[in-house]
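# Commentary on secondary and tertiary structure
Chain by chain, the residues run as shown.
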Amino acid sequence: MTQHFAVLGGGILGMTLALRLTQQGHKVTLIEGRQNLGGLADAWKIGDCTWDRHYHVTLMSDLHAREVLREIGLDDEMQWVETKTGFFTDNQMHSMSNTVEFLKFPPLRLIDKLRLGGTIFYAARVTNWKKLESISVGDWLTKLSGQRTFEKMWLPLLRCKLGECWRETSAAFIWATIARMYAARRTGLKKEMFGYCRGGYANILEQFTKKLKSQGVEIQCNAMVRGVRTTIDGRLTVQFAEHDRVFDQVVSTLPTPVMSRLCPELNANEKQLFDGVRYHGIVCASVLLKKSLSPYYVTNITDAGYPFTAVIEMTSLVDKQELDGNALVYLPRYVTPNDEMFEKSDAEIEHEFIAGLQRMHPSLSLADVKAFRVSRVRHVFALPTLGYSDRLPPTVTSVPGLYSLNSAHIVNGTLNVNETIKLANDFVATLRDWEVGCKPDCWCHTETRKISDEMLYPVFAE
Ligand SMILES: Cc1cc2nc3c(=O)[nH]c(=O)nc-3n(C[C@H](O)[C@H](O)[C@H](O)COP(=O)(O)OP(=O)(O)OC[C@H]3O[C@@H](n4cnc5c(N)ncnc54)[C@H](O)[C@@H]3O)c2cc1C
């Protein structure tokens, strides 16, 4: 039976949900608070160039993402490149892009390197990720790699992504990160390649939006949702600043604490689960430069005292012609949602970050910097704390017709577009199964819909 769905949040998850729901014959309105679709994957202007607000690559093994790219006519526009990785350690840049370089890497002794290599080899072959959720990432890595390698290599890398929250993070986090990098080999490809689409996410979002419109999706941007409530006749009202709209079903892709705030009718148990997810945010600078800094796509920083946690040189992957011959570098800093970094002005961040970059690359002068922009996002990913999947917030809520799906539901993977699209695909497939398995009206009419306790808990904890 055709239902009118509101999908809250016009990021990749909301866009994919809208696409799949219309493909199931439903009517869909996609609602986004900002002026354009894309969320974390949107594009913006840096100087006179347009590129992604946050650095994005696609892996060859990202089959769900590539299927969407094919559907919107862009899979042939993908450019696949072998990239290099650098490490900035003991005030020196080291290339770590192949086994020989790894074996030569001076900061570690041979025995440390063997243990480090062994850890990665072993982690890539672990299949029972659930067991790793009960072990702290620090304990697991120290046991496998040894104390010295943990302190010299793993700890700085964990701090880069998780700050001091690494202490509460489970080993499933590092397992998922390593597993993603090895996914290509598991799917039979010889090596992992990084890819980008010509024109970047601006192109992807434009084609995706066209596809959604051609499928009849109604897109409402600049529409910040203020609340969701049930109506007397059992439908759902989505509240905006100046008006309300009524829908049959609502799927929210908003971060769980936002969802908890917007839906007063969620029960106490649900609110506790929604509010219990601990997010990490990001302050990420894009820097347009006259010249390249290094051949590395990622430079991991293991030395202390830098204001950013890595250097991502996008134009070591992307053809510089895409950026009018300039180099594009991202300087991310992952932080908790209430970190003082969020209060700093763009000018303060620019001053600190450029000074840090000049310390790493003394030949960089201020005249080389053509443009600098800062993105701030408080809710980027849910921290995979110990036992995380046992406390997942529900996907099907106790409010009839209201669903909540977002990156907090990625339990055995890292945050990326491929996992995001998989969430949407799985969710819509589950809804379709319910439709087929139930009497046609059993989940459409509130009076007859019964939500069991199991349904209040996540459908996707694989
Ligand atoms: C720095 C960085 C680097 C990344 N690199 C990669 C990469 O290399 N490869 C990769 O595959 N993935 C990468 N990702 C991850 C990728 O961006 C995400 O997986 C994906 O964009 C998540 O989409 P989403 O729709 O779940 O969330 P979001 O993009 O956060 O979408 C949520 C949407 O909801 C909207 N919203 C929030 N509140 C309201 C409200 N009250 N009313 C209406 N709308 C609202 C927001 O504006 C937003 O558009 C990266 C992410 C970051 C931050």
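Residues numbered from 1 in each chain as written. Predicted model: local features only at pLDDT ≥ 70, side-chain atom pairs only at ≥ 80, totals over all residues. Heavy atoms only, no water.

## Section: the pairing of strand 7 (residues 84-89)
- Pairing of strand 7 with strand 16 (residues 296-301), which is carried by five bridges, proceeds in the parallel orientation. Residue pairing for strand 16: G86 is matched across the bridge by T299.
- In this structure, strand 7 lies alongside strand 8 (residues 92-95), joined through four bridges in antiparallel fashion. Counterpart to G86 in the pairing with strand 8 is S95.
- Hairpin geometry of strand 7 and strand 8 is characterised by an intervening segment of two residues between the two adjacent antiparallel strands and by a positive phi of about 50 degrees at D90. (Pairing = 2+ DSSP bridges. Helix = DSSP H or I, 4+ residues; strand = E, 2+ residues; numbered from the N terminus.)

## Some details on the environment of L59
- You can see L59 is positioned in strand 5 (residues 58-59).
- For the pair L59 and M193, spaced 134 residues apart in the sequence, the C-alpha separation amounts to 6.0 Å.

## A short note on the packing of aromatic side chains
- What the rule picks out here adds up to 11 aromatic pairs.
- Aromatic side chains F308 and F353 sit 5.6 Å apart centroid to centroid with 75 degrees between the ring planes, which places their arrangement in the edge-to-face category. You can see F308 sitting in the loop between strand 16 and strand 17 (310-313) and its partner F353 sitting in helix 12 (residues 346-360), a full 45 residues away along the chain.
- By relative accessible area, F308 is classed as buried at 1%.
- Since its relative accessible area comes to 0%, F353 is described here as buried.
- Taking 5.5 Å as the distance between ring centres and 75 degrees as the angle between the ring planes, the aromatic pair formed by Y403 and F427 counts as edge-to-face. One end of the pair, Y403, is in strand 20 (residues 402-404); the other, F427, is in helix 13 (residues 417-437), and 24 residues separate them in sequence. The same class applies to Y403 and to F427, which are both buried.
- Cluster of aromatic residues (ring-pair linked, three or more members): F88, Y306, F308 and F353.
- The ring of F121 has R125 sitting right over it, with the charged end atom 3.6 Å from the ring centre. (Phe/Tyr/Trp six-rings, centres within 6.5 Å; stacked < 30°, edge-to-face > 60°. Buried < 20%, exposed > 50% of the residue type's maximum accessible area, 1.4 Å probe, protein only. Lys NZ or Arg CZ within 6 Å of the ring centre and 35° of its normal.)

## Things to note about the site of the ligand
- E32, L40, Y55, H56 and V417 are the nearest of the 28 residues found near the ligand.
- G33 has a polar backbone atom sitting 3.0 Å from a nitrogen atom of the ligand.
- Within the complex, 89% of the 1000 Å² of free accessible area of the ligand lies under protein.
- Within the residue set of the shell around the ligand, elements represented by two or more residues are helix 1 (12-23) and helix 13.
- Class assignment of the residues belonging to the shell around the ligand gives a composition of 15 nonpolar, 10 polar and three charged.
- For the shell around the ligand, the two domains that each supply at least three residues are domain 1 (4-40 + 203-278 + 385-456) and domain 3 (279-382). (Near = heavy atom within 4 Å. Polar contact = N/O pair within 3.5 Å; in protein donor to acceptor, adjacent residues only side chain to side chain. Areas by Shrake-Rupley, 256 points an atom, 1.4 Å probe, with all protein chains shown as cover. Nonpolar A, V, L, I, M, F, W, Y, C, P; charged D, E, K, R; others polar. Domains from an automatic or database assignment.)

## Observations regarding a nonpolar patch on the surface
- There is a patch of nonpolar side chains on the surface, built from L103, L110 and L114 and spanning about 300 Å² of accessible area.
- Along the chain, L110 falls in helix 4 (residues 110-123). (Patch = residues over 30% accessible without salt bridge, like charges linked within 9 Å, V, L, I, M, F, W, Y side chains within 5 Å. Salt bridge = Lys/Arg side-chain N within 4 Å of Asp/Glu carboxyl O.)

## Some words on the nonpolar core
- With 63 residues, the main nonpolar core has L158, I174 and M314 as its most contacted residues.
- No other element matches helix 8 (residues 171-186), which puts eight residues into this core.
- Once you skip the residues sitting within four places of it in the chain, M314 turns out to touch W51, Y55, H56, V57, Y297, L328 and Y330.
- Membership of the second largest hydrophobic core comes to 38 residues, among which are I12, A18, L21 and F208. (Core = buried A, V, L, I, M, F, W, Y, C linked by side-chain atoms within 4.5 Å. Contact = heavy atoms within 4.5 Å.)

## Regarding the sheet that holds strand 14 (residues 249-252)
- Spatial strand order, 10-2-1-14-20: five strands in an open sheet with parallel pairing. At either end of the open sheet lies a strand with only one pairing partner, and these are strand 10 (218-220) and strand 20. Sheet twist, expressed as the mean angle between neighbouring strand axes with direction ignored, is 20 degrees.
- The pairing of strand 1 (residues 4-8) with strand 14 spans four bridges and is classified as parallel. Looking at the pairing, F5 lines up with Q249 of strand 14. (Axes fitted to C-alpha atoms, helices over the stretch in contact; angles between N-to-C directions.)

## Let's talk about the sheet that holds strand 16
- Spatially, the seven strands line up as an open sheet ordered 8-7-16-17-18-15-19, and their pairing is mixed. Each having just a single partner strand, strand 8 and strand 19 (369-382) make up the two edges of the open sheet. Ignoring strand direction, the axes of neighbouring strands in this sheet form an average angle of 20 degrees.
- Across the sheet, helix 12 touches strand 7, strand 8, strand 15 (279-289), strand 16, strand 17, strand 18 (327-335) and strand 19, and the angle it forms with strand 19 is around 105 degrees.

## Looking at the state of the cysteines
- This structure, assessed with the given rule, holds zero disulfides.
- You can see C197 has no disulfide; the closest cysteine sulfur is in C49, sitting 17 Å from it. (Disulfide = S-S within 2.5 Å.)

## Examining the domain arrangement of the protein
- For the protein, the assigned domains read domain 1 (4-40 + 203-278 + 385-456), domain 2 (84-186) and domain 3 (279-382).
- Relative to domain 2, the C-alpha centre of domain 1 lies at a distance of 35 Å.
- For the pair domain 1 and domain 2, the two sides together bury roughly 1000 Å², of which 50% comes from carbon and sulfur.
- The tally of links from domain 1 across to domain 2 stands at two salt bridges.
- Residues D390 and K130 are paired through a salt bridge, measuring 2.9 Å at the closest nitrogen-oxygen approach.
- Taken together, the residues of the side of domain 1 that touches domain 2 sort by class into three nonpolar, eight polar and two charged. (Buried area = accessible area lost by both parts, 1.4 Å probe.)

## Re the packing of helix 4 against helix 7 (residues 147-162)
- Put simply, helix 4 and helix 7 touch, their axes get as near as 10 Å, and they point 65 degrees apart. Classified by the interaxial angle, the pair formed by helix 4 and helix 7 is roughly perpendicular. Where helix 4 crosses over helix 7, the handedness of that crossing is right-handed. Contact residues: D112, L116, T119 and I120 in helix 4; R148, T149, M153 and W154 in helix 7. (Parallel < 35°, antiparallel > 145°, perpendicular 65-115°, else oblique. Left-handed = near helix turned anticlockwise from the far one by under 90°.)

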